[in-house]
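As a plain string of letters, each chain reads:
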Amino acid sequence: MKHGPLFITFEGPEGAGKSTQVRHLAAKLTATGIETVVTREPGGTPASDAIRRVILDPQLEMNALTEFLLYAASRAQHVDAVIAPALAAGKTVLSDRFAAASVAYQGYGRGLELGFIDTLSARVTQGLRPGLTILLDLDPHIGLERVAERGHPDRLEQADLEFHLRVRAGFRELAQADHHSWVVFDALQAEKALAAAIWETVRTRLFS
């Protein structure tokens, strides 16, 4: 690699296929001989996974601030125990969601002040920012249909359509504001075609 290990995050509305594309990219990187760590948010560590169960429990009600602080707590542990050590060891890290998700979901979606989210996120991430964010863009009407087909929607997936439309708008605004770090892909593409397009973008970043 010419530019060292990358921290790559995947973002997008519900049902966009992030987990599937993370797996495809991880397989490509591994086959190329690049040591890769795959993780997710909320989660990635035992403590963070425990917080994840609380955040996504459809039986629980919580206000926007509680929700964000739980995400922040999970992220602080995740960065400290998984992401930062892996990058320091020269490994490329793929994360299914990161701090931008809080901007989109708790900021644009729930209405929390964006400045507050940015300030706390900078602290819990230790200032760490992804070198590349892959946004899988999808109309929430379609994404929520995919979620319904899977069954057993979690607490966030059960939120109303207007919420998910605001989340999508948030992601698109973040991508528009940072053309260097963000690359947007149409999540309606066929799975293998999308995987190939993502790999071409990542390959260029790593080797060009």
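What counts, and at which threshold
Residues numbered from 1 in each chain as written. Predicted model: local features only at pLDDT ≥ 70, side-chain atom pairs only at ≥ 80, totals over all residues. Heavy atoms only, no water. Patch = residues over 30% accessible without salt bridge, like charges linked within 9 Å, V, L, I, M, F, W, Y side chains within 5 Å. Areas by Shrake-Rupley, 256 points an atom, 1.4 Å probe, with all protein chains shown as cover. Salt bridge = Lys/Arg side-chain N within 4 Å of Asp/Glu carboxyl O. Helix = DSSP H or I, 4+ residues; strand = E, 2+ residues; numbered from the N terminus. Buried < 20%, exposed > 50% of the residue type's maximum accessible area, 1.4 Å probe, protein only. Pairing = 2+ DSSP bridges. Axes fitted to C-alpha atoms, helices over the stretch in contact; angles between N-to-C directions. Contact = heavy atoms within 4.5 Å. Core = buried A, V, L, I, M, F, W, Y, C linked by side-chain atoms within 4.5 Å.

**A few points about a nonpolar patch on the surface**
- On the surface, a nonpolar cluster with roughly 240 Å² of combined accessible area is contributed by L65, L69 and F116.
- If you trace the backbone, F116 turns up in helix 5 (residues 114-124).
- F116 sits in the partly exposed class, given a relative accessible area of 34%.

**Observations concerning the sheet that holds strand 1 (residues 7-11)**
- A sheet is described by the order of its strands in space; here 5 strands give the open sequence 2-3-1-4-5, paired in parallel fashion. The sheet terminates laterally at strand 2 (36-40) and strand 5 (182-186), the two strands that pair on one side only. On average, each strand axis in the sheet is inclined to that of its neighbour by 20 degrees, with strand direction left out of account.
- Pairing analysis gives 5 bridges linking strand 2 to strand 3 (residues 92-96), with the strands arranged parallel. Within strand 3, the position partnered with T39 by the bridge is S95.

**Concerning the side chain of T45**
- Looking at the secondary structure, you find T45 in the loop between strand 2 and helix 2 (46-56).
- Using a relative accessible area of 6% as the deciding quantity, one classes T45 as buried.
- Contact partners of T45, with chain neighbours within four places excluded, come to Q77, H78, A81 and V82.

**A closer look at unusual backbone geometry**
- That bond from E41 to P42 is cis: its omega, -10 degrees, falls within 30 degrees of zero.
- Looking at where P42 falls in the secondary structure, it is placed in the loop between strand 2 and helix 2.
- Of note in the backbone geometry, R97 takes a positive phi value of approximately 85 degrees without being a glycine.
- The residue R97 is located in the loop between strand 3 and helix 4 (99-109) in this model.
- A positive phi angle, near 60 degrees, is found at Q126, a position not held by glycine.
- Tracing the chain through its elements places Q126 in the loop between helix 5 and strand 4 (132-137).

**Section: the nonpolar core**
- In this structure, I8, L25, I134, L136, I198 and V202 are the most contacted members of the largest nonpolar core, which totals 22 residues.
- Of all the elements in the fold, those that place two or more residues in this core are strand 1, helix 1 (18-31), strand 4, strand 5 and helix 8 (191-207).
- Among the elements that take part in this core, helix 8 stands out by supplying 5 residues, more than any other.
- If we skip the residues at most four places from it in the chain, I134 touches I8, T9, F10, E11, L25, V183, F185, I198 and V202.

**Observations regarding the pattern of salt bridges**
- With the rule as written, the count across this model stands at 12 salt bridges.
- Here R97 ties to E14 by a salt bridge, and the two come within 3.8 Å at their closest N and O atoms. Of this pair, R97 sits in the loop between strand 3 and helix 4 while E14 sits in the loop between strand 1 and helix 1, and the two are 83 residues apart along the sequence. Like E14, R97 is buried.
- In this structure, E41 and R75 form a salt bridge, with 2.7 Å as the shortest nitrogen-oxygen distance. On the criterion of sequence distance, the pair formed by E41 in the loop between strand 2 and helix 2 and R75 in helix 3 (residues 64-88) is long-range, its members being 34 residues apart. Across this residue pair, the class does not change: E41 and R75 are buried.
- Salt bridges sharing common partners tie together E11, E14 and R97.

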